[in-house]
Structures are given as structure tokens and as C-alpha cells.
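# Geometric and topological summary
The primary structure of each chain is shown beneath.
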Amino acid sequence: RCSCSSLISEVRTTVRTRTSLLRETDMSSGRRLILVHGERLSMNSLKNKRLFVSRAAWKLAQRAMPKISPTERVALGCGTVGFDRELFSGKPGSVKDLMETYGNKMKLTEEEIEFLKVETETLCSMVDDHAILENKDFSEEVWHFMRRAGFMGLKIPKEWGGKGFSTAATSAILVKLGSVSSDLTSTVAVPNSLGPGELLVKYGTQEQKEYYLPLLADGTLIPCFGLTGVHSGSDATSLIGSYGIVEKDTESGELGVRCQFDKRYITLAPVAGLVGIGFDLRDPQNLLKGKGEEGFSVALLERDHPGLEMGPRHQPLSAAFMNGTIKGNNVWIPLTKILGGQERCGFGWHMFVECLAEGRGVSLPAMAVAVGKGLGPAVGSYARARKQFKVPIAEFGGIQEALATIASDGYISLASTQLMNAVVDNHEAPMILSSIMKQNITERGRTMINKGMDIMGGAAISMGPNNIAGNPYMSMPIAITVEGANIMTRSFQIIGQGLMRCHPHLLQVVEALEANDDKAPSRFMLGVQSMIRHALSTLGRSMFLGIKESLSSLFSFGHLRKLGDSPQNSADAFIHYHEQRLSRLAANFAFAADMALLLGGRLKFEEMFMGRLADALGATFLGYATLTHYAKHHATADAGLRLVADHALLRLEKEAHEALRHAAANVPPMLLRFDFVASALIRMAIRPIGSLGTPDRAPTDAHTKQVADLLTTNASNYASTFLLDGSVYVSDGIRKTLLDALPICLEADALTLKLRKENREPTSQEVELLNKAEAMRDAIVQVSSFEKLGFLENQPGYVRPAIKQTEQWLEELGQADKASSAASKVSAAASA
């Protein structure tokens, strides 16, 4: 039963031999035997060798990989993954797929639109932002209307007395409020994100819902969430100093928790009637008996709870929104006060992570959208009205560059916010996308307000009723700091959590390393093989798309598009062009992320490297969001939409490419100096034919000027359609004056140019127009001044010390001069 040809074909794949081989079948046992040099080896021995290698590699990886902490383990099971996972795969879905999945979630209901037009408009009209800053509080009328009109219960379902609004509607309301006062946005945002109203809706017991939710919905109870402690900032879930011991009451026999906590930076704490306290629950006596667990838990305490100390305020920069401390020492909390009841003991991290997407991904980015929509057109109008050297500053190149950045970042912010809102309304809780939104959009908000400050100059730094930039300028750093500082989010969280949650195969490998069963080494090796195949696939896709774009760029003389083309005629080609570039960048990022995994457990300590990968991922996601918005709206917009979309996409693509290029140049050291190989491979992936066709071309100066003109002229309806579309408050105040002045100043400037060309004097009607424009320019450039400023100056009889000292010293000098003069006269008389 021997066949030499089949024998050689099979055995050569397993062993090397120069002797004759014989395959034989042992019919009695059913085993296949191989004769090698006269020795019989079972095929099972080959399998055992593979198992030995797998187990050795598994154990080696276990030693190299740090253990996952309980907090990290819980986080891996929280939230959802969707488009972020597609980006990590290197082959994301198309813009068409995004529109089909989320397009129907981007519309507001008639009820939501009416609330924006009526209640939100009314609340905006009641607010004087400068007075709020001066008084460090809202008026009683504002508080009453805000609470009773339903602003505290926007997300609470109607069955509990709330509005039951969508995330998109809540975001739109926050944007409109933010266009008037950032303090108003902060005050309304908290009850509608972490709350803990949102937590009660999802996790509360029936009794807790029936009692608390109606009181939260009608504003009777203002909520806050106490998480951050003195020694736990961005690492808030470490809960250092906040803990509770499960005990049994000696009199009633009721189970409860003896707690102590010291919280700070808690928004709305000084006025809150209900607080959710996060603490580390410990059960050393096993009193829970399996009903609930130890760990992060949330207790619901009303303001008058025995031992609860609330009231002292912080002052975040110059902001007026309520923010303060919550303390408690030896506070007794019955288990019925645990959010979700005893069964939810130890479940707080799940609650926190899944609801955090609302605050990080929606509420904070809404402040940046308010800057882009509210400040952008106003600054553009100011630049048109303000003249220096007899020329509107809107015509200066440096001003145009700043204005284009405001317009471009403003469009990126509103487009990505619209997509993120739709994702959340689709019942997803994407932790990675919400982190990207929080870090990236708040940073762009800071960039926009900084550019606005530069343009407005003295009008922006002189506080008062006429200043529309000063308060947002001081408030944006607060948004950047809260709910996970941007530095930590960028350099650690986005990639650290993103790889674990979104990489197609990494979680399988990590779970195999954490397991101890007999099949774990095999699962580990299968996962490693899948990761290798994925890396090769993303490398191949990167090179293919890169070469394709390079050749396309070469044969089309560098550019496929012309800025002057009609969006209606070229929209499909425009979308396809940028989608191909974004798809290439996604593949580039995915391969770079695969190479980063070669660092093993050391990756979490290479934060600069992870930060660059986060920049690439963030810019790519924002690019898809921007392109999706353009694809959805281009048919009803004029050429201005394409101009700003193109400008934004070129910048985002350049940001992503530059981040990957810098990552390739800074791969951290690896074993056997493999970092040189990884660096070379990443460079080859992102630039397969050198710099030819790479997505690193910045917008031209001509393009930048055209985008700036969108804010300083009426040549396009972009501003009126997408910025001043009723989503910001412009009914009165300096912002209305600025916007009203734009068409008058444009007409006056055109008339001045015409008169100069025709070399004639204006008619009486033309004089009237010129005078009107001059009067509006004069009104716009005025800044506030105060006879008395500050607490001391408003005290009766107060005289500024510097003035008092000057008068005193002059008086002393006068007396000295008189004495000297008298002495001189006496001396002269004596001499005589």
C-alpha cells in the first residue's frame, strides 16, 4: 500500500529528509505513521510540536503584555463600535453608506423646531451675558423660565414629564443658547447628559424613576454628578478618597453603605437638589451575598441628605455657571439609594462609560459649533465694517487667512456634530468617536475663537456689552479641560481604547492572553495570524490606493478639480475624489496602527506616538463627516458650500497625512531594532511613489480668499443657509448690529469705488447711504467703558489709591516748595 509520489508530496510539507520515506497506515489503531530513517513518528507528534510552539509564544506574550486592570476590562465591554471599527479595519464604508445609515436621524421634528423658535428664542432674549459675568449668576426670572419651560428635561421621556427630544434637537438647543452665553449652555448641558437624569432613565429602579424623573423633568430638582475628586482628575474613575463600606444598621437591620467622599469641579453642585455620587463600594463582610458587586457605584442623594455638604463655589476662569464642591464624611446611604438598587452595586463604570458619549460627543462640541455659527459671521461683518489705512480689514491677506480658518473649522464642527448626533440617536454609544469629537472639535473651537480675537483686536479684549468674543474666549479652555483633558484624550485614550475596542483582531488576542484554559494558546495563535493577514492587507491596500492616486495625479497634471466648477455639475466627481483620498488615509492609519502593536504593552507609554496616530484617526473621521454633510446638502446650496467643504477637506487630509508621516519618523524603539523596519514600512504605505500624489496639498491662497469672502460678502448664501439659519440668536444686541451692517457697508464700499472711477461727487441719495454706513461703522467699533469698575470702586467714598497717592505726594511737594521758598527769603534778608 505504498505510493512514492504521494509519500513525497505529503511528507515534504512537514519534515526535511534526504532518505527514502514510506507512508504506512496502521489499520488496527487508525493512526497514520511515518518512517523517517527507520524511525516511526506519529502525525500527532507534529501537532504536539505546533502546540508547544503556540504555548511558548503565548507564555512569552503573557509576560510582555501588562495585565488589564478591572477598570480597563469593564471599559472593553461598554459602549458600542461602528464606523470607528471600520476606520481601524482600513476599509471603511462609503459616504453613501453613512447617509443611508444615519441620514434619517439628522432631521428635527415639528415639536423640536417649535421649541427652538419659541422657548429657546425667549430664553436667549432674557439673557444679558455681560450682566451674568458681572453678577456671577442668572437672574431669578431666567432660572424660573429655564426650569419650568423644560430645559432641564430635554432628554427625559415624555412618560415621565420630559420633552423626549432627540440628541440632534438637544444639540441644536445648546448651540443656540451658546451663541448668547456659554454659561447658559453649560447649565442646560449637564442635566441633559450625565445628569443623572440620563442614568435614571436607563438604569434606575421603577421606584426611583417614578419619584425622581418627574421632579427632574419640570426643574424642581436640579441634578449634578459628583465624580471628580481631589486626587482623581482625568483618571476620575480611580475614585481616590471616595469609598463606602457595606454595613447593616444595628437598629433596623437595613443594609446600607457608610461613605466618605470629597468631590470638586462639579457643575451645578452649588444649586443642585439631586446629586449622583460616584464611589468605590467595598463589601469586606460579604453582606451583598452575590446580589450586586464591589466596585464603582452611584448613589442618589438629595441636597438635605444627612452628612452631605454642598454649596461652596469654584470660579472657573471668569465663567458664571455654577461649579463647586461636594463633601461627605461618615454618610449613611441605604442600598435603596444606589442607582438601580442593590443589583446595580458595582455597575457604575458601565453606566458612566455608556452615558459619557452624550457629554463628550454632543454637549461640549456644541459649544464649538456655537462659536463657528455665531461668531464666524459676526467677525466677518466686523472685518468688512472696520477700516484701517482707509481699507476694510477684510481685504487684508492676514485677516482673510484667519477668516478662512474660522469658516473651515466652523464647517468641520457643524458637519461632524450633525453626524455624531445621528450616531447617538441611532442608539449607539461610540466611546472612540465621542473622544475624537471632544478632543478635536473643542480644539477647533479654541482655534476659531483665537482667530476671532486676533481679527477684532481691542474690540475683543475690552469686556462689556459690545464684546461678543471675550466670554467664549475664556470659556473654551473650560470645555477643553472637563470630562477628560484633551491632552490625555489625544495622547492616550483615543488609540489606547481604540485599538482594544475597534481593531478587528486585537481583542481576540488579548482575551486569549488573559485566559488560562488549554485552548487559549491556539486561540492566541489564530488571532496573531489574523493580525498578520490584516497588516499585510492594509499595507497592500495602502500601496494600491497610493499608486493609483499618484498615477491619476501624474496624468491629470496634479489636480482633478477646478474651483470654479458648478457643484451641481461636478458633485459626484468631487465626492468620489475626496472619498478615495480618505479611504487611502484610513488604510494608511490602519497599517500604522498594526505596526504600533509590535510595541506590545509598551505602547501605552508611548504617548507622543499615540497622539500622532490619534491626530490621523481624528482628521480622517472628521473628513468623512464633512464629506457626508456636503453630499447630503450640496443639491440645495450654491457654490459657497463646495468652496468651504473643499477647503476643510484639503486641510483635514493634510493633517492626517502629516500626522502619519511624523509617526513614521518617530516609531519608538523595538526589539531587535525592528522600529527601523516598521518606520520604513509605514513610509512605504503612505508614500509608495514618494511625494507624488500624496494628500498633503494645502488650500491655495486664492481658495483661502474665496472662503474668507463667504463671511465678509453676500456673494454666496452659505452663511445664511448653514450658519444664520435660525440656529443662533441674532434678534438684538451687537451681533444684530454687525450683521445688519454688512450689506450696508458692502453697498457703500462699491459706491465709493464707483465714484472714484467716475471721478464725480455723490448724489444726495448716495450721500445718505455713505453717511449711514459711516454711522454703522462708528457704532460697531465702539467699546465699553465704565465710570466705576469692580467691587471696591462701587463702595461709597472710594478713591483709587493711585490717584490719592499722587494728590498726597503733589501736596507734599507743594508744601516742601513753599518751605524752601520761605527759607530762601529768610536767608536773603539775613544776608542783607
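Residues numbered from 1 in each chain as written. Predicted model: local features only at pLDDT ≥ 70, side-chain atom pairs only at ≥ 80, totals over all residues. Heavy atoms only, no water.

### Observations concerning the environment of glutamate 254
- Of note, glutamate 254 is situated in the loop between strand 5 (243–248) and strand 6 (255–267).
- Exposure remark for glutamate 254: the relative accessible area of 34% places this residue in the partly exposed category.
- With 81 residues separating them in the primary sequence, glutamate 254 and leucine 335 have C-alpha atoms 8.3 Å apart. (Helix = DSSP H or I, 4+ residues; strand = E, 2+ residues; numbered from the N terminus. Buried < 20%, exposed > 50% of the residue type's maximum accessible area, 1.4 Å probe, protein only.)

### Let's talk about helix 6 (residues 110–125)
- In this model, helix 6 (16 residues) spans 22 Å end to end at C-alpha, consistent with the 22 Å of a helix rising 1.5 Å per residue.
- Where helix 6 bends most, at leucine 116, the angle is about 30°.
- Among all positions in helix 6, only Glu112, Phe115, Leu116, Thr120, Leu123 and Cys124 are buried.
- Close packing links the buried residues of helix 6 with helix 8 (140–148), helix 9 (167–178) and helix 10 (182–189). (Expected span 1.5 Å × (residues − 1). Bend = angle between axes of the 7 residues up to and from the residue. Contact = heavy atoms within 4.5 Å.)

### Looking at a nonpolar patch on the surface
- Judged by side-chain polarity, Ile547, Leu551, Leu554, Ile689 and Leu692 come together as a nonpolar surface patch covering roughly 370 Å² of accessible area.
- A per-element tally of the nonpolar patch places helix 20 (residues 520–555) first, with 3 residues.
- Tracing the sequence through the fold places leucine 551 in helix 20.
- Judged by its relative accessible area of 40%, leucine 551 falls in the partly exposed class. (Patch = residues over 30% accessible without salt bridge, like charges linked within 9 Å, V, L, I, M, F, W, Y side chains within 5 Å. Areas by Shrake-Rupley, 256 points an atom, 1.4 Å probe, with all protein chains shown as cover. Salt bridge = Lys/Arg side-chain N within 4 Å of Asp/Glu carboxyl O.)

### What to know about unusual backbone geometry
- Phi at lysine 136 is positive, roughly 55°, even though this residue is not glycine.
- Assignment of secondary structure puts lysine 136 in the loop between helix 7 (129–135) and helix 8.
- One non-glycine residue, asparagine 759, lies in the positive phi region at around 55°.
- One can find asparagine 759 in the loop between helix 27 (733–758) and helix 28 (764–780).

### Some thoughts on the packing of aromatic side chains
- Under the counting rule described, the total for this entry stands at 12 aromatic pairs.
- Taken together through their ring pairs, the aromatic side chains of Phe115, Phe145, Phe151 and Phe165 make up a single cluster.
- The side chain of arginine 282 reaches across the aromatic face of tyrosine 243, ending 4.4 Å from its centre.
- Looking at arginine 344, its charged tip hangs above the ring of phenylalanine 347, at a distance of 4.4 Å from the centre. (Phe/Tyr/Trp six-rings, centres within 6.5 Å; stacked < 30°, edge-to-face > 60°. Lys NZ or Arg CZ within 6 Å of the ring centre and 35° of its normal.)

### Here's the deal with the nonpolar core
- Membership of the largest hydrophobic core comes to 197 residues, with the highest contact counts inside it found for Met146, Ile326 and Ile495.
- Sequence-distant contacts of isoleucine 326, that is, excluding residues within four places in its chain, are made with Cys224, Gly226, Phe261, Asp262, Lys263, Ile266, Ala269, Val275, Ile277, Leu308, Glu309 and Met310.
- Ile156, Leu221, Leu274 and Leu356 belong to the second largest nonpolar core, which has 27 residues in total. (Core = buried A, V, L, I, M, F, W, Y, C linked by side-chain atoms within 4.5 Å.)

### Quick look at the pattern of salt bridges
- If you walk through the whole model with that rule in mind, you get 28 salt bridges.
- Note that glutamate 121 and lysine 176 form a salt bridge whose closest N and O atoms lie 2.8 Å from each other. In this pair, glutamate 121 is assigned in helix 6 and lysine 176 in helix 9, connecting sequence segments 55 residues apart.
- Of the charged contacts, one joins aspartate 280 and arginine 282 as a salt bridge, the two residues approaching to 3.5 Å between their closest N and O atoms.
- With relative accessibility at 24%, the residue aspartate 280 sits in the partly exposed group.
- Put simply, Asp409, Arg444, Arg651 and Glu655 are held in one network by salt bridges that share partners.

### Some remarks on the confidence of the model for the protein
- Here the protein shows a mean pLDDT of 88. Residues at 70 or above account for 90%.
- Segment residues 1–41 is flagged for pLDDT under 50; beyond a separation of four residues in sequence, or across chains, it makes 42 contacts in the model.
- Long-range and interchain partners of residues 557–568, a stretch whose pLDDT sits below 50, account for 28 contacts in this model, where long-range means more than four residues apart. (pLDDT = per-residue confidence, 0-100.)

### Structural notes on the packing of helix 5 (residues 95–102) against helix 22 (residues 607–633)
- At a minimum axis separation of 9 Å, helix 5 and helix 22 run at an interaxial angle of 75°. Classified by the interaxial angle, the pair formed by helix 5 and helix 22 is roughly perpendicular. When helix 5 is examined against helix 22, the residues Val95, Leu98 and Met99 are found in contact with a partner set consisting of Tyr624, Leu627, Thr628, Ala631 and Lys632.
- Looking at the contact of helix 5 with helix 22 residue by residue, the class counts come to 6 nonpolar, 1 polar and 1 charged. (Axes fitted to C-alpha atoms, helices over the stretch in contact; angles between N-to-C directions. Parallel < 35°, antiparallel > 145°, perpendicular 65-115°, else oblique. Nonpolar A, V, L, I, M, F, W, Y, C, P; charged D, E, K, R; others polar.)

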